[in-house]
Amino acid sequence: MNYTTYLFDFDYTLADSSRGIVTCFQNVLKRHGYTEVTDEEIKRTIGKTLEDSFSILTGVTDAQQLAGFKKEYGKEADTHMTVNTMLFLETKSVLIALKDAGARIGIISTKFRFRIKDLLNQHFPDNFMDIIIGGEDVKAAKPSPEGLLLAIKQLHATKAETLYIGDSTVDAETAQAAGVDFAGVTHGVTTAQELSKYPHRKIMATLEELLDKNEELPSKSEESPCEDNTLPDKCNEPQQPDCDSDTPSLPENTPPPPKKKKRISTGQIILLVIFLWLSYEERKYSDSWLFPILFIFTLWGVSQKRRLLPERIIAFIKPRWHPYAVRLRAFHLKLVRGKQAPRNSQEPCTCRNCGTTYVGNYCSRCGQSRKTPRYRFSNAIKNILGGFTNIDNGFGRTLIDLLYRPGYMIRDFIDGKRIQYFRPFQTLFILAALYIMAVQVIDPEALKKREKPKAEQEIENIITARDELIKKRDKSKNQIEKQTLDITIKSLEESLEKNRDKSQKKVKEEAKEETAQSDSLQTASPSDSVVDTDKEGLLDELLDSSSEIGEKLGKYFDNSPFLQKVWNLLRGWAHGNKAFSIIATLPLFALATLMAFHRRKYKLNYNLTEHVFIQAYIACQILFLSIVILPINGHAQVNDLYELPWWFIFVLFWWDYKQLYSATWWKSFWRTILMFFYSLLIAILFAVVVALLTVALLYLLKPFIA
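Keep in mind the model is a prediction, meaning the values are calculated, not measured.

Caption draft 1: View of the overall build of the protein chain. The secondary structure content of the protein chain amounts to 27 helices and 12 strands. Long-range pairs, those at least 24 residues apart, make up 63% of the contacts in the protein chain with a sequence separation of at least 6.

Here it is in structure tokens:
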């Protein structure tokens, strides 16, 4: 039988939401004094309605009281459910394979539809599921077939071509009542033996068995010949398929397996070899990364469509790689979940501060933690550091998460998990201060170089480059290379002389201009200052007006010592202030990110203000890595925004967006490029607007100059 429609239960079938369910149940039950209910007892009720579950766990039968439990559970679920729900390892690949094969897929659950969508939107694009039937869509919950029949009707499918997959006996009863085939999966607490008592197509350990070619025969427990005591020999013999039976021996109820990739072509191999050779030559003679990046992306693109290794090698590697793939998947789940809040202790404790006896991790009266140890060397250092800097609360955790799960951490912070993380702007200012301290220790000359004029800095750069080339020429044994270096050194020396001549000439011209201005101020009359505006261009007029306005503003500030001190303080603070420079770029990148990820499947309902906080954390990540890499470089680039090269900063943005928006690497790559393109456009537009406002301001102030 060919199935075209696959309908799934949600809890314990596609996702493990047991942690969230148990947390919500325990919070409600303990609030009403039911402290003896265990987690396993709660897990046994998963799949039933909330009223039935609370009735089983508490023994309460009053409908009004059960409705109150349900209402409190809903409030708890708003906080704990989505963040504590994770898809099973194979769920995503199986659903995508079914979808690619042309099957229709849907979910039938007692859970609210919006909670299911909140989780699915983190892993799949919009409208990936053909239908989702939640608890609010039906009048009678499972095992009533109402939800299952409603999905079949809306999908215009038939019962014969529909397979329902679930983990509990309630799901088996639902499929039996609806008259559709059932496949059980033992993800949950229901065993295979319990599921096999109901009619089923197969009992699976994982959902991947849906994609197997060979499947079990339909099992009808009530029609099994083993129940007939008169046929013991027949039960002990292996059953052979009946060719005359209407039931097929090998039902074709699964989509075809995915197509095998073709082997890499000769042209693609040649292209990769050429890029690899060009990458080697480029890195040998320059610091550019153009061809290595092209090689990596070409290799990546080819590997998505073609098979790079022979099938025998792949068959040899695959079983040996599988344990590591499982560990990598487990590590990925750990990245997504992050550090979980500690469980509440059930042992009573007496607060050392106020003497109140309580149950939990914190005193219900004064809020002091139950973990209040004696002062030892390990916790004394942390306490002293927190007293001077106030950076003990979550600062280390924030830096660690920024290193290995930045996007997930940012998403957790924006979604409300903020108690364990340090605030982004406070983190940014602290890291900027640590950066300046690191520069003063590692490269104190960099701060002095920043204050030098541009011309002097260019002369020093030329001298440094010339000295390095001279050292390289002295070490070289190749005559051709020596001749090439001699030519380069000679050109640098000529450039050095020209820059020195320009610098001296500029000094002389500035001295002459000051002398001429002082003479003209002494001898000029009001009539001499009249300018024939008909002969001047618009640009010259604006320049003259701006210089006059500048002189008047300068005189005004000189006559007001207080304003002069404030202006000098602000200018000195802004000049070379790393945190100020970074904060100035945050709105630019925030707006560009909002534009690049404006589609609904990427947006995650983040507004512009939230995007500013997101960019603040990304800036903290880059600045922290700049501090880490500073001792390795041995020199600081104080005039640059960060110490990292541009391509590494791009990779960090790419990685952060991939985790934050749960997109693929490929889509995140192009969206990151689009984000930087929008940033450039916004910067150009901002510069144009500032120029126009300056021109308008000059025209408005021109009448007051005369």
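Caption draft 2: Here's a closer look at the pattern of salt bridges. The full count for this structure, using the stated rule, is 16 salt bridges. Close ionic contact of E51 with K70 constitutes a salt bridge, the shortest N to O distance being 3.3 Å. Taken together, the residues span a long stretch of sequence, with E51 in helix α3 (residues 50-58) and K70 in helix α4 (residues 63-80) at a distance of 19 residues. Judged by relative accessible area, which is 27%, E51 ranks as partly exposed. By relative accessible area, which is 32% here, K70 ends up partly exposed. Among the ionic pairs, D412 bridges to R405, the shortest N-O distance being 2.9 Å.

Caption draft 3: The arrangement of helix α17 (residues 424-442) in detail. Look at α17: 26 Å from first C-alpha to last across 19 residues, which is about the 27 Å you get at 1.5 Å a residue. Within the span of α17, buried status applies to P424, T427, L428, I430, L431, A432, Y435, A438 and V439.

Caption draft 4: Representation of the environment of T174 in the model. Along the chain, T174 falls in helix α8 (residues 169-178). Accessibility expressed as a relative area gives 1% for T174, which makes it buried. Placed 10 residues apart in sequence, T174 and Y164 show a C-alpha to C-alpha distance of 9.0 Å. When neighbours within four sequence positions are excluded, T174 is seen to be in contact with K142, P143, S144, P145, L148 and Y164.

Caption draft 5: Looking closely at the nonpolar core. Counting residues in each nonpolar core, the largest one holds 51 residues, and the members touching the most others are I410, L431, I622 and L623. Among the elements of the structure, α15 (395-404), α16 (406-415), α17, α23 (578-596), α25 (608-633), α26 (646-661) and α27 (665-705) are those that each provide at least two residues to this core. Here the element with the most residues in this core is α25; it accounts for 13 residues. By size, the runner-up hydrophobic cluster in this structure holds 27 residues, among which are L14, L120, I132 and L210.

Caption draft 6: Quick peek at the packing of helix α1 (residues 18-31) against α4. Here α1 crosses α4 at 135°, and the two axes come no closer than 9 Å. Comparing the axis directions of α1 and α4 gives the class oblique. Here the hand of the crossing between α1 and α4 comes out right-handed. On α4, the residues touching G20, I21, T23, C24, F25, N27, V28 and R31 of α1 are F69, E72, Y73, E76, A77 and H80. Of the residues assigned to the contact of α1 with α4, the class counts are 7 nonpolar, 4 polar and 3 charged.

Caption draft 7: Examining the pairing of strand β6 (residues 162-166) more closely. Here β6 lies mainly inside the structure; 5 of its 5 residues are buried. Residues of β6 alternate between two faces, with T162, Y164 and G166 on one and L163 and I165 on the opposite face, all of them buried. Taken together, the 4 bridges between β6 and strand β7 (residues 181-185) define a ladder with parallel strand orientation. Pairing of I165 across the sheet is with A183, part of β7.

Caption draft 8: Representation of the sheet that holds strand β8 (residues 202-204). Strand order in this open sheet of 6 strands is β5-β4-β1-β6-β7-β8, and the pairing throughout is parallel. Bordering the open sheet on either side are β5 (131-133) and β8, each of which pairs with just one other strand. The mean angle between the axes of side-by-side strands here comes to 20°, regardless of whether they run parallel or antiparallel. Docked against the sheet, helix α6 (residues 113-120) engages β4 (104-108) and β5, running at close to 135° with respect to β5.

Caption draft 9: Examining α16 more closely. Within α16, 9 of the 10 residues are buried, which leaves the element mostly enclosed by the surrounding structure. Among the residues making up α16, those that are buried are P406, G407, Y408, M409, I410, R411, D412, F413 and I414. Downstream of α16 by a residue or two, G416 has a phi angle that is positive, lying close to 120°.

Cut-offs and rules
- Residues numbered from 1 in each chain as written.
- Predicted model: local features only at pLDDT ≥ 70, side-chain atom pairs only at ≥ 80, totals over all residues.
- Heavy atoms only, no water.
- Helix = DSSP H or I, 4+ residues; strand = E, 2+ residues; numbered from the N terminus.
- Contact = heavy atoms within 4.5 Å.
- Salt bridge = Lys/Arg side-chain N within 4 Å of Asp/Glu carboxyl O.
- Buried < 20%, exposed > 50% of the residue type's maximum accessible area, 1.4 Å probe, protein only.
- Expected span 1.5 Å × (residues − 1).
- Core = buried A, V, L, I, M, F, W, Y, C linked by side-chain atoms within 4.5 Å.
- Axes fitted to C-alpha atoms, helices over the stretch in contact; angles between N-to-C directions.
- Parallel < 35°, antiparallel > 145°, perpendicular 65-115°, else oblique.
- Left-handed = near helix turned anticlockwise from the far one by under 90°.
- Nonpolar A, V, L, I, M, F, W, Y, C, P; charged D, E, K, R; others polar.
- Pairing = 2+ DSSP bridges.

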